[in-house]
Amino acid sequence: MSDYLNELNPEQREAVLHVTGPLMIIAGAGSGKTKVLTTRIAHLMASGVDSFRILALTFTNKAAKEMKERVEKILGNNESRNLYIGTFHSVFARILRAEASKVGYPTSFTIYDTDDAKSVLKTVINELHLDDKIYKPSTVYGRISSAKNALVTAEDYANDYALQQEDARANRPAISQIYTAYAKRCFKNGAMDFDDLLLQFYLILKNHPDALHKYQHKFNYIMIDEYQDTNPAQYEIIKLLGAAHENICVVGDDAQSIYGFRGATIENILLFRKDYDDVKLVKLEQNYRSTKQILQVANEVIGNNKGQIEKQLWTENGEGEKIKLVRTMTDNDEGKFIADSIQEQKLRNHYFNKEFAILYRTNAQSRAFEEALRRMNLPYTIFGGISFYQRKEIKDYIAYLRVIVNSQDEEALKRIINYPIRGIGKTSLDKLILVANEQNISFWEVLTKASSFGFRAGTLEAIEQFVTMIKSFTSMLKNNNAYDVAFHVGKQTGLVKELFNDKSTEGVQRFENVQELLNSIKEWVDDKQNRAQIDEDGVVMQEEQAPFDAENSQPKSDVDFSENSLQDAIPNRPLREDVLLSAYLQQISLLTDSDQKDESADTIKMMTIHAAKGLEFSCVFAVGLEEMLFPNAMSINSREELEEERRLFYVVITRAKQRLWITYANTRYKFGQVVQNEPSRFINELPEDAIDKSFAGGGFRNQTGGPSASDRMRGWGGQGTATTGQKTYYTEPKKQPEQPGYLPINPSPNKPIVHQPSADFVASDTTDLKAGQRVEHQKFGFGEVLKMEGAAHNPIATIKFELNGEKKIMLNYAKLRIIS
DNA sequence: CGACTGAGTCGGTGG
DNA sequence: GACTCAGTCG
């Protein structure tokens, strides 16, 4: 049991053995930080600390999951399930569910993601008759988010003279007004945005001594991962929670602080020692990840930043290869170069696909790599960008579920009120919203009382049907699990069928996505039900491992799980609260793309540098090292921001275990236009002796039929010092021939196949149209009426066209010729 | 009412 | 280049 200590170096052991009182661990990249954290938790438990009393907060679900698994492995028992391990947001969301009433929120409050929040802002800005060109939702969102992260409520904001002045100078004097209206609207909707999860929890702790007392004594030991990324809200919460016992252990690396834009302040880690008396400080400086060459480059680069905590990373690993600096003509050439290099490395050094990562500054850069890898038939996974839950069809489906759980959720209601089409269009919607505002009641209330607000008969009928349907769903909530409700909803609303009937390429994809959503809900429920009953009080943070695996579209098996020997499945167990729809919704809103995709698959990984923090790869391509891109144009105007960009560069370098390429292009496309960029200033900070400026390719011929590698001009530039001169990796700008079976291009699958109307085409009177009749449509051609629906004054026919598949046709507008 | 189209916009990183 | 939005037409 105690051999876990033998696997640690002296500093690591020192950190693990410090049990009582504040502890700060400065953990350099690759220094075994997670190992120390997990061993420390295991040690606490082995020393008799009750596992229910330990709280560990991380920034990603993945980190939380890994910690939990590793503790379990060390201890070899089930005790770790009692730990409170999770992300700040998910742990706080869970606690808020229990405490929401203290801030006037319903227990099953909705969590708004960024898109939802911006949508609310847009509504609010319009209602205040403000110009949404000046008050762009994303800009305003950023401002409000910063305020919340600094624990400034709407009221505080309105009373803060300095903030008003700032906004006035920025020509946005109404921000405060918008913030107030936004907060009010979210509250009315029973919804919290991401920042509210911190702010509201803070307010509860601050204003409710009983709650503070409760959680202070629940969490006797607190551990914080990535402390350098905490913002003031997180900082204050930690401080409050830890004040009673001061058993706070923070782990971080000031050199890897890269989240300033979401309010993280590096001061939190720099000043930790001032916050508590007798802070024990441990530095982990031995790196177990990278080669000496890589580490030398990293140290050199970060040395250009001022005001760091003194430390020097070192390693016993081998010297390794020099870092390869690559310059290409265009962003597409950059992609081709990397695809070639990967292919070559695989052949020469027998790497797996999963040992490569392409790491970029912005998500938009992924496309060139995607195309290049596809051309070479190299499998890849992109992390980030639009996640599964942001897809329209998924958001629509989930909007139904949200409305059922929380009918006050106006955002969700607006999404589904006319989806599938039920004849409540924009005009009706505007009126509904208007009434809600005039009467100062919720959108839902207007719907339920629609008859008193003078809607047209057809619209009223549609509204009433909708309300009845939603109510019938709501009545299912208590006695059915999330999956059963969701399945029923898909069926009853016609949502699934509608998608099924759409046979376009995208339509099929959408249908599959919805299938996938349902599968994932099913697995989530099964997973929960399989877990043994545990102590009520300890309803553990089970960071739901993503039930959904976007890449393989295969349901994940429970193999993982059995290893944890958690299951003593009780058949027909009564419905537990944690399989309810509300619990499901709560957690999915906090999942990220990385949580949903399988990182262990043998594919090349592509993601932003931000998303790559905490990960490591044998071979790393740090790409797009160009002025305006990296460092980003937005960040070159202040020393602080520039230093954060440099830390980002440091982070990407230290992701590499064995080989590192740093690439940049002379020109690249931005918004469809070619722009020319200077090489990044960071390139000049690389130590000459660790950099290989000669070419790293060599003899490899690609298989795509384009110019072979050796035909290309290629090489290294930038410094102009290389004796070989400024060669560049370059391909002729001519298009490569399209390959069959590849990039399946169907430019507009939704475009109807055009039908030439018959010469004698005359629109018929369709008032008595019935299912089974044959008709001709001016554009869609011949077809058969499958069914009739809609109100009498606005009949809708579903017609199956020979050329264009099933379509819903509104008879008031379409010209149809009845044939039989 | 809603599908289509052309013009305008997108500043970057994420829970 | 991809997406959103306002205006048009069936």
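Higher on the page you've got the structure.
Note that the structure is predicted; figures quoted are calculated from it, not measured. Numbers given to residues run from 1 along each chain, matching the order in which its sequence is written. Here the convention is simple: chains get letters from A, ligands get numbers from 1, in the order in which they are written. Where totals are concerned, whole chains, interfaces and linings use all residues; where local detail is concerned, this predicted model gives features only for residues with pLDDT of at least 70, and gives and counts side-chain atom pairs only at 80 or more. Side-chain measures here rest on the full set of heavy atoms in the structure, leaving out hydrogens and waters.

Q: Which residues make up the side chain of Ser520, and what are the values?
A: In DSSP terms, a helix is any run of H or I states spanning at least four residues, a strand is any run of E spanning at least two, and both are numbered starting from the N terminus. Its place among the elements puts Ser520 in helix H25 (residues 505-530). Any residue under 20% of the maximum accessible area for its type is buried, any over 50% is exposed, and the rest in between are partly exposed; the area is computed with a 1.4 Å probe on protein chains only. In this structure Ser520 comes out as buried when scored by relative accessible area, which is 1%. Within the structure, the side chain of Ser520 is placed 2.7 Å from the backbone oxygen of Leu517, a separation counted as a polar contact. Polar contact is the term for a pair of N or O atoms within 3.5 Å; when the atoms are in protein, one must be able to donate a hydrogen and the other to accept it, and sequence-neighboring residues count only if both atoms are side-chain atoms.

Q: Give me the lowdown on the sheet that holds strand E1 (residues 23-27), citing residues and values where you can.
A: Pairing is parallel in the open sheet, where six strands are placed in the order E3-E2-E6-E7-E1-E8. The open sheet has two edge strands with one neighbour each: strand E3 (84-87) and strand E8 (280-284). Geometrically, the sheet is characterised by an average inter-axis angle of 15° between neighbouring strands, direction not taken into account. Of the strand pairs in this sheet, strand E2 (residues 54-58) and strand E6 (residues 221-224) are connected by four bridges, and their pairing is parallel. A pair of strands is labelled paired if DSSP reports no fewer than 2 bridges between them. Helix axes are fitted only over the stretch in contact, all axes being lines through C-alpha atoms; the angle between N-to-C directions runs from 0 to 180 degrees.

Q: Could you give an account of the packing of aromatic side chains, with specific residues and numbers?
A: Only rings of Phe, Tyr and Trp enter the pairing, Trp through its six-membered ring, and a pair is recorded when the two centres are within 6.5 Å. The plane angle decides the type: under 30 degrees is stacked, over 60 is edge-to-face, the rest tilted. Applying the stated criterion across every chain, the model contains 22 aromatic pairs. Ring geometry for Tyr84 against Phe219: centres 5.1 Å apart, planes inclined by 70°, an arrangement best described as edge-to-face. On the criterion of sequence distance, the pair formed by Tyr84 in strand E3 and Phe219 in the loop between helix H11 (209-218) and E6 is long-range, its members being 135 residues apart. Ring geometry for Phe649 against Phe682: centres 5.6 Å apart, planes inclined by 15°, an arrangement best described as stacked. In this pair, Phe649 is assigned in helix H30 (residues 639-653) and Phe682 in the loop between strand E17 (673-676) and strand E18 (691-692), connecting sequence segments 33 residues apart. For Phe682, a relative accessible area of 0% gives the class buried. In this structure an aromatic cluster arises from ring pairing among Phe59, Tyr84, Phe88, Phe92, Phe201, Tyr215 and Phe219. For a ring to carry a charge above it, either NZ of a lysine or CZ of an arginine must fall within 6 Å of the ring centroid while also lying within 35 degrees of the normal to the ring plane. Over the aromatic face of Tyr259 sits the side chain of Arg262, whose NZ or CZ is 3.7 Å from the ring centroid. A cation over an aromatic ring shows up here: Lys392 above the ring of Tyr419, its NZ or CZ 4.8 Å from the ring centre.

Q: Quick rundown of the protein's contact with DNA strand B? Include the residues and the values.
A: Nearness is judged by heavy atoms alone; a residue qualifies as near a molecule or strand once a single heavy atom is within 4 Å of it. Taken together, 30 residues sit near DNA strand B, with Asp195, Asn363, Thr427, Thr592 and Ser635 positioned nearest. The sugar and phosphate moieties of DNA strand B supply 46% of its atoms located within 4 Å of the protein. Measuring from a phosphate oxygen of DNA strand B, one finds a side-chain N or O atom of Asn418 at 3.0 Å. A distance of 3.3 Å separates a phosphate oxygen of DNA strand B from a polar side-chain atom of Ser428. Looking at the surface near DNA strand B, the elements that each hand over two or more residues are helix H10 (194-207) and helix H20 (426-439). The residue inventory of the surface near DNA strand B, partitioned by class, reads ten nonpolar, 14 polar and six charged. Three classes are used: nonpolar for Ala, Val, Leu, Ile, Met, Phe, Trp, Tyr, Cys and Pro, charged for Asp, Glu, Lys and Arg, and polar for all others, with Gly counted as polar.

Q: Tell me what's going on with the packing of H25 against helix H27 (residues 581-588), and back it up with residues and numbers.
A: Between H25 and H27, the shortest axis-to-axis distance is 11 Å and the interhelical angle comes to 115°. The angle between the axes of H25 and H27 places the two elements in the roughly perpendicular class. Of the two possible hands of crossing, H25 and H27 adopt the one that is right-handed. Counted together, Leu517, Ser520, Ile521 and Trp524 of H25 and Ala583, Tyr584 and Gln587 of H27 form the full contact between these two elements. When its residues are assigned to classes, the contact of H25 with H27 shows five nonpolar, two polar and no charged. Angular relationships are summarised with four words: roughly parallel below 35 degrees, roughly antiparallel beyond 145, roughly perpendicular across 65 to 115, and oblique for the angles in between. Crossings are assigned a handedness: left-handed for a near helix turned anticlockwise from the far helix by less than a right angle, right-handed for a clockwise turn. Contact definition: two residues touch when any of their heavy atoms are within 4.5 Å.

Q: I'd love a proper account of the packing of helix H18 (residues 392-405) against helix H22 (residues 457-474), names of residues and values included.
A: H22 packs onto H18 with a crossing angle of 75° between their chain directions and a minimal axis gap of 9 Å. The angle between H18 and H22 places the two elements in the roughly perpendicular class. Contacts between H18 and H22 pair Tyr400, Val403 and Ile404 from the former with Phe466, Met469, Ile470, Phe473 and Thr474 from the latter. Residue composition of the contact of H18 with H22, grouped by class: seven nonpolar, one polar and no charged.

Q: Pulling in residues and values, what's your account of helix H6 (residues 137-149)?
A: Structurally, the α-helix is built with 3.6 residues per turn, so residues lying three or four positions apart point the same way. With 13 residues, H6 should cover 18 Å at 1.5 Å per step; its first-to-last C-alpha distance of 18 Å lies within 8% of that length. Taken residue by residue, H6 has Pro137, Val140, Tyr141, Ile144, Ser145, Ala147, Lys148 and Asn149 as its buried positions. Those residues of H6 that are buried are in contact with helix H5 (114-127), helix H7 (154-158), helix H9 (175-188), strand E5 (191-193), H10 and helix H12 (232-242). One or two steps after H6, the chain reaches Leu151, where phi turns positive at roughly 65°. Expected span of a helix: the number of residues minus one, times 1.5 Å.

Q: Give me the lowdown on the side chain of Ser145, citing residues and values where you can.
A: Residue placement: Ser145 occurs in helix H6. For Ser145, the side chain forms a polar contact with the side chain of Asp195, separated by 2.9 Å.

Q: Which residues make up the pairing of strand E7 (residues 248-252), and what values go with them?
A: Where burial is concerned, most of E7 is hidden: five out of the five residues are buried. The alternating pattern of E7 places Ile248, Val250 and Gly252 and Cys249 and Val251 on opposite faces, both of which are buried. Relative to E7, E1 runs parallel, the two being bridged by four bridges. Directly across from Leu23, in E7, lies its bridge partner Cys249. Handedness of the crossover joining E6 and E7 through H12 is recorded here as right-handed. A right-handed crossover is one whose linking path, passing over the helix from the first strand to the second, runs clockwise when the strands point away from the viewer.

Q: So what's going on with the pattern of salt bridges? Which residues, and what values?
A: Should the charged atoms of two oppositely charged side chains come close, the side chains can pair. Counted as salt bridges are all cases of a side-chain nitrogen of Lys or Arg within 4 Å of a carboxyl oxygen of Asp or Glu. Taken as a whole and assessed by the stated rule, the structure comprises 43 salt bridges. Between Glu14 and Lys280 there is a salt bridge whose closest N-O contact spans 2.7 Å. Here Glu14 is found in helix H1 (residues 10-17), whereas its partner Lys280 is found in strand E8, with 266 residues between them in sequence. A relative accessible area of 36% means that Glu14 is categorised as partly exposed. For Glu645, the salt bridge identified is with Arg361, shortest N-O distance 2.7 Å. Of the two residues, Glu645 sits in helix H30 while Arg361 sits in the loop between strand E12 (356-360) and helix H17 (366-375), which places them 284 residues apart along the sequence. The same class applies to Glu645 and to Arg361, which are both buried. Each of Lys33, Asp225, Glu226, Asp229 and Lys613 takes part in one network of salt bridges that share partners.

Q: Which residues make up unusual backbone geometry, and what are the values?
A: Of the consecutive residues Tyr419 and Pro420, the connecting peptide bond is found in the cis state with omega at -5°. Residue Pro631 is bonded to the preceding Phe630 through a cis peptide linkage, with omega at 10°. Among the secondary structure elements, Pro631 is positioned in the loop between strand E15 (617-622) and H30. A positive phi is found at Glu246, a non-glycine position, where the angle reads about 55°. For Glu246, a relative accessible area of 31% puts it in the partly exposed group.

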